[in-house]
Amino acid sequence: MPLSKGKGGEERRLKQLLDAHERWRARDCLNLLASENLSSPTVQRYLASDLSRRYTLPLDQMLHGEKVDNGYAGTRYTDQVEELASRATGRLLHGKFASVRPLSGHVASMCVLAPLLPKGARYLAVQPVDGGYDGYAPGYLPAVLGHEVLPLPLHGPTHRLDVEEVSELLHRDRPQALVLGQSFVLFPYPLKEVAKIAHEVGALVLYDASHVMGLIMGGTFQDPLGEGADVVFGSTHKSLFGPQGGLFATDREDLFQQIDAALTWRILDNAHWNRIAGLAQALLETERVGAPYASRVVENSKALAKALDQEEVPVIGKDEGYTESHQVHLDGEELKRKFGVAPPGFARRLEAQNLIIDLVGRLGTAEATRLGLKPKDMPKVARLIKESGLDRKDVRREIAAFRHRYRGMAFL
Ligand SMILES: Cc1ncc(COP(=O)(O)O)c(C=O)c1O
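Residues numbered from 1 in each chain as written. Predicted model: local features only at pLDDT ≥ 70, side-chain atom pairs only at ≥ 80, totals over all residues. Heavy atoms only, no water.

Considering the overall build of the chain
When you go through the chain residue by residue, the secondary structure sums to 15 helices and 13 strands. Its C-alpha radius of gyration of 22 Å places the chain within 12% of the 22 Å reference for a compact globule of 412 residues. The C-alpha extent of the chain, read off along each of the three principal axes, is 75 × 60 × 45 Å. Residue burial in the chain is summarised as follows: out of 412 residues, 55% are buried. (Helix = DSSP H or I, 4+ residues; strand = E, 2+ residues; numbered from the N terminus. Rg over C-alpha atoms; globule rule 2.2 N^0.38 Å. Buried < 20%, exposed > 50% of the residue type's maximum accessible area, 1.4 Å probe, protein only.)

Points about the sheet that holds strand 7 (residues 177-180)
Ordered by their spatial adjacency, seven strands build an open sheet running 4-10-9-8-7-5-6, and the pairing between neighbours is mixed. For this open sheet the edge positions go to strand 4 (97-99) and strand 6 (148-151), each flanked by a neighbour on one side alone. Along the sheet, successive strands turn relative to each other by an average axial angle of 20 degrees, direction set aside. Pairing between strand 5 (residues 122-125) and strand 7: three bridges, direction parallel. Counterpart to Tyr123 in the pairing with strand 7 is Ala177. (Pairing = 2+ DSSP bridges. Axes fitted to C-alpha atoms, helices over the stretch in contact; angles between N-to-C directions.)

Considering the environment of Phe184
Checked against the element boundaries, Phe184 lands in the loop between strand 7 and helix 7 (191-200). A sequence separation of 26 residues divides Phe184 from Thr158, and the C-alpha atoms of the two residues are 8.9 Å apart.

With respect to helix 12 (residues 343-352)
Every α-helical turn comprises 3.6 residues, leaving residues that sit three or four positions apart pointing alike. Buried residues of helix 12: Pro343, Phe346, Ala347, Arg349 and Leu350, and no others. Considered in projection along helix 12, the buried side chains sweep an arc of 155 degrees and stay on one side of the axis. Elements that come into contact with the buried residues of helix 12 comprise helix 11 (332-339), strand 12 (355-356) and helix 14 (378-389). Once helix 12 ends, the next one or two residues include Asn354, with phi positive near 75 degrees. (Arc of directions from axis to C-beta. Contact = heavy atoms within 4.5 Å.)

Notes on the pairing of strand 8 (residues 204-208)
The buried count for strand 8 comes to five of five residues, which makes it a mostly enclosed element. Residues of strand 8 alternate between two faces, with Leu204, Leu206 and Asp208 on one and Val205 and Tyr207 on the opposite face, all of them buried. Bridge count between strand 7 and strand 8: four bridges; the pairing is parallel. Counterpart to Leu178 in the pairing with strand 8 is Val205. Remark: the strand 7/helix 7/strand 8 crossover connection has right-handed handedness. Where strand 8 lies against strand 9 (residues 231-235), three bridges are found, and the strand directions are parallel. (Right-handed = clockwise from strand over helix to strand, strands pointing away.)

Focus on the domain arrangement of the chain
Partitioning the chain into structural domains gives domain 1 (44-283) and domain 2 (290-405). A separation of 29 Å is found between the C-alpha centroids of domain 1 and domain 2. Across the contact, 19 residues belong to domain 1 and 22 residues belong to domain 2. For the pair domain 1 and domain 2, the number of links is one salt bridge. Between Glu320 and Arg160 there is a salt bridge whose closest N-O contact spans 2.9 Å. Across the domain 1-domain 2 interface, the total number found is twelve residue pairs in polar contact (both at pLDDT 80 or more). Class assignment of the residues belonging to the side of domain 1 that touches domain 2 gives a composition of ten nonpolar, seven polar and two charged. (Domains from an automatic or database assignment. Salt bridge = Lys/Arg side-chain N within 4 Å of Asp/Glu carboxyl O. Polar contact = N/O pair within 3.5 Å; in protein donor to acceptor, adjacent residues only side chain to side chain. Nonpolar A, V, L, I, M, F, W, Y, C, P; charged D, E, K, R; others polar.)

Some remarks on the packing of helix 6 (residues 163-173) against helix 7
The description of two helices packed together rests on the angle between their axes and the distance between the axes. It is at 10 Å that the axes of helix 6 and helix 7 come closest, and there the two elements cross at 15 degrees. With respect to each other, helix 6 and helix 7 are oriented roughly parallel. When you trace helix 6 past helix 7, the crossing you get is right-handed. Contacts between helix 6 and helix 7 involve Val163, Val166, Ser167, Leu170 and His171 from the first element and Glu193, Val194, Ile197 and Ala198 from the second. (Parallel < 35°, antiparallel > 145°, perpendicular 65-115°, else oblique. Left-handed = near helix turned anticlockwise from the far one by under 90°.)

This is the structure:
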């Protein structure tokens, strides 16, 4: 877009855009994006706090012959906020060492992979064709960090990992790491078995929990560090209801030191301390209400998938119980074959009715759960999806009325 000189009306225009966005997305829409969530009013308050303007730089250095523990003065409270957040992360992920400095899930992946794997190292990771994160495709993180990525194949529409096949690949290719984690994730991995095999061939097990972080912390999905992963890392804002950001945890002091020593001035500097204050709050909320929240998210996903199926909207995974995560996947092929509409067109029809899903046909129930929706609400949500996407009915008034009932926030 060409840059234009600021004109008088642009500040007003900016305000109008933000107001319109908030009215639409935060008030009128029912959001079923798997990557998004709602954070509490306290988290929002901390995000807008004075910390949004401050710096701190904990370090251990000599400056003009004097030992200093920070590059800045004025940080006496900030550093304690970070400590609270890191400790809560460690408790929730069952790791002795944790950091909340990564600015996002993608950055968390860089923070972990760059120092642990030397340039030229090989690792196995799920590729986008099997529901993996695009960042692990050869042209992205591997190209940026100088690594070679080998595809970790998954099978079937529910993306299952075959332990024997992984064992063969690990023995044949002898990669330095096995990177687990997906963007399209319905079921946990048989992690204990694969971690054991990976360790036998000397590979680190690095678990990208970006999507399922809130479920892991709530104790419903799997316990990556407890089941053998060396490091768990990822986003803080998908199934976890924190501000947008990243974190990592490990039980191994040597790995933590390696990662931590490579953060400042390599991958980050300012870690955005208002975000960390908001995250600390979200993590403390998770310690309080994370278990019932995560269980409800999964119950809602199962109920939504089943109800969609009953409405004859094609979904993946009926024979396997549909899902154990916050996600529900539409069967794109079947949708196209039976109803002549592919997931992007289907999603656009829903968007026109203020129902938001992503264009690849992935739905998520984390935000709806935080709004207070329960399994009993899912038949109605499924019907509204069907009427919008297949029957092309105008259901905006019904959605507005439904949304009006859910103004508050559950699991506070
Ligand atoms: C598995 C996985 N890892 C990393 C990321 C990147 O996360 P973020 O958007 O927080 O940078 C995503 C994003 O969707 C993801 O699905």
